[in-house]
Amino acid sequence: MKKQSIFALFLVVLALSACKPPKEFIQSLTVTPSPLENHAGKVEVTIDGSFPVKYFTKNMIMTVTPVLKSKTSDAVFKAEPVIYQGEKVKDNNQVISYKMGGKYSQKAVFTYDPAMESSELWVEVQCKIKDKVYDLPAEKIADGVNITPLLVSANAGTGDLTSQIEADKFQRIIQERQEAEIRFLIQKSDIRKSELKSEGVINLTKKIQMAKDSQNLEMKGLEISSYASPDGGVDLNEKLASARDKSSVKYINNELKKLKAEVTISSKFTAEDWDGFQKLMEKSDIQDKQLILRVLSMYSDSDQREKEIKNLSTAFKVIADDILPQLRRSKMTLLIDVIGKSDEEIASLAAQKSKDLSIEEVLYAATLTNDLNQKAEIYLLATENYPEDYRGFNNLASVKYELGQVDEAERCAAKALELNAKCVNANFNAGLVALAKCDDAKAEEYFGNAGGVGAALDCANGVLAIKKADYKKAVSLFGDAKINNAALAKILTKDYTGARTVLESVKKPNATTSYLLAVVGARTNDRTLASDNLKKAIEQNADFKAKAAKDIEFAEFMKDEAFAAIVK
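Analysis parameters
Residues numbered from 1 in each chain as written. Predicted model: local features only at pLDDT ≥ 70, side-chain atom pairs only at ≥ 80, totals over all residues. Heavy atoms only, no water. Helix = DSSP H or I, 4+ residues; strand = E, 2+ residues; numbered from the N terminus. Rg over C-alpha atoms; globule rule 2.2 N^0.38 Å. Contact = heavy atoms within 4.5 Å. Areas by Shrake-Rupley, 256 points an atom, 1.4 Å probe, with all protein chains shown as cover. Lys, Arg positive; Asp, Glu negative; His and termini not counted. Charge placed at Lys NZ, Arg CZ, Asp CG, Glu CD. Disulfide = S-S within 2.5 Å. Buried < 20%, exposed > 50% of the residue type's maximum accessible area, 1.4 Å probe, protein only. Pairing = 2+ DSSP bridges. Axes fitted to C-alpha atoms, helices over the stretch in contact; angles between N-to-C directions. Expected span 1.5 Å × (residues − 1). Salt bridge = Lys/Arg side-chain N within 4 Å of Asp/Glu carboxyl O.

*Asks:* Can you lay out the overall build of the chain for me, pointing to particular residues and giving the numbers?
*Replies:* Across its full length, the chain holds 23 helices and 15 strands. Here the C-alpha radius of gyration of the chain, 43 Å, is well above what a compact globule of 568 residues would show, namely 24 Å. Expressed along its principal axes, the backbone C-alpha trace of the chain runs to roughly 155 × 60 × 40 Å. Taking the contacts inside the chain whose residues are at least 6 apart along the sequence as the reference set, 66% of them involve residues at least 24 apart. For the chain, the accessible area works out to roughly 30,200 Å², and carbon and sulfur atoms hold 49% of it. If you average the places of the 80 positive and of the 81 negative side-chain charges in the chain, the two averages end up 5 Å apart.

Given below as structure tokens:
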């Protein structure tokens, strides 16, 4: 009887123990990464551990829920739970052996919320045995969340991304050519009075007078080229072309003397103008035209060419009447530099909002100042005076972006694209605006139409790559750029030496530059680098004090009172 009683008591104890949950969740959990990290708006974490032998009772169902609890608010974020079951539970969850134990592994994904920046990762565990439910004590297993990728800057007016302008085509000096032609009779070199009354010669004389009297016109030279037609002997044509050259030079010198003008004359003559003959033939509709052109290509000797062409008796008569007279000539070309307004004149007229400036002069005027507000006024003038020219709107969009006036930049970029949808700079600027407004999909679409912008486009796409957590691609896109975003990409790929080199080479360092250097110091355990630059960042931008106080990057250093005093 006594043995039976002891055995019965053992069974009762065994039954009771099988109905009780464990006192606590399993210990020695591995959390990866730790601290938690935000990448592309997601906080992903893997929790691993092992259920000990005789831990998981056969009738138990265990629900494990990872929970992020904000340390700065009441916000709580729960991930999808994982459910385990004992050997006697009839369900479809992972079974854990009572005698052998088993592996616990869970991947949790949270959508990032700013309240997570200063937070803790806990696991909440609920056990159910038959109809009874038990809550085990919640356990903190990690800290969170590292949000360093969010230091990527796409804000307008910060200098992290550079908008693009359309260049002006302003030329202060433009060379013009005034041409005239004097024709001669066959085997003659004297200039007929009728030729001097031709429109070309009259206009040439007028231009010389105009240039002489104008401060904005400067004669750079007068070229005279005299010719003889290729019919006749070479010696005869040589003398004839030379005589025509002398007659033309004499005439021009006489005209300059009358006008009291001075210009350098350069002259040359061509005895047989086969080049001119070929050009006129190519434009003509003369019978046997192709045959004549073939003769020119087959023979280089002047006498042979002339003989072969004269054999085409019908064609040669037309040539003699229509082509050859045009080749007996002197061609005069006056070269004139048209001198435009000075920088001072252009700047003054732009300030007066004058309508006397061409579009090229207005666009050029904007390059004469470094003041962004003055540039904006000048580009506004361009849009008002030349509303059909997309460049004024694009450049105004660029300046408004640099001033941080995103809505105005968006309006102007849209108008530029309305006028010229294929303008790569306007597409790029519209993309920057979309990026500043956190519309990454729209930005990516605009950037796709901005091929050819170059390094600025690569840097903008680098920002998108960081936002997508494709940090290696971002490093490649930034290349050798010495900007904060490029350094951030290197930090996120753990190239801390490279990141420091970039940050120390930034042309216009700001508070973010200093803060990123402090992060590099924290990650490389360089307390001096971290503290000095954190102080500088806070001096440049007081908002970094509150951020640093809760930034997991500095959690270890914050245990030191001297370092913690920086953010107090």
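*Asks:* Tell me about the state of the cysteines, and name the residues and values.
*Replies:* This model, assessed by the stated rule, comprises 0 disulfides. The structure places no disulfide on Cys423, whose sulfur is separated from the nearest cysteine sulfur, that of Cys412, by 13 Å. Cys423 sits in the buried class, given a relative accessible area of 4%.

*Asks:* Could you give an account of the sheet that holds strand S13 (residues 217-227), with specific residues and numbers?
*Replies:* Here we have 4 strands laid out as an open sheet, ordered S12-S15-S13-S14, and mixed in their pairing. Since the sheet does not close on itself, it has two edges, and those belong to strand S12 (173-183) and strand S14 (265-270), each with one partner. Recorded for the sheet is a direction-independent mean angle of 15 degrees between the axes of neighbouring strands. Two elements, S13 and strand S15 (residues 329-339), share 9 bridges in a ladder whose sense is antiparallel. Each bridged residue has a counterpart across the sheet, and for Ile224 the counterpart in S15 is Met332. Packing of helix H3 (residues 199-213) onto the sheet brings it into contact with S12, S13 and S15, and relative to S12 it is tilted by some 145 degrees.

*Asks:* Now, about helix H14 (residues 424-436): what can you tell me, with residues and values included?
*Replies:* Look at H14: 18 Å from first C-alpha to last across 13 residues, which is about the 18 Å you get at 1.5 Å a residue. Among the 13 residues in H14, 11 count as buried, and that is most of the element. Taken together, the buried residues of H14 touch helix H12 (390-402), helix H13 (406-419), helix H15 (440-448) and helix H16 (455-467). At the exit of H14 stands Cys438, carrying a positive phi of roughly 65 degrees.

*Asks:* Break down the pattern of salt bridges for me, citing the residues and quoting the values.
*Replies:* Applying the stated criterion to the full structure yields 36 salt bridges. Here Arg329 and Glu181 are joined by a salt bridge, their closest N and O atoms 3.6 Å apart. With a gap of 148 residues between them, Arg329 in strand S15 and Glu181 in strand S12 connect regions that are remote in the sequence. Among the residues examined, Arg329 registers a relative accessible area of 11% and is labelled buried. For Glu181, a relative accessible area of 27% corresponds to the partly exposed category.

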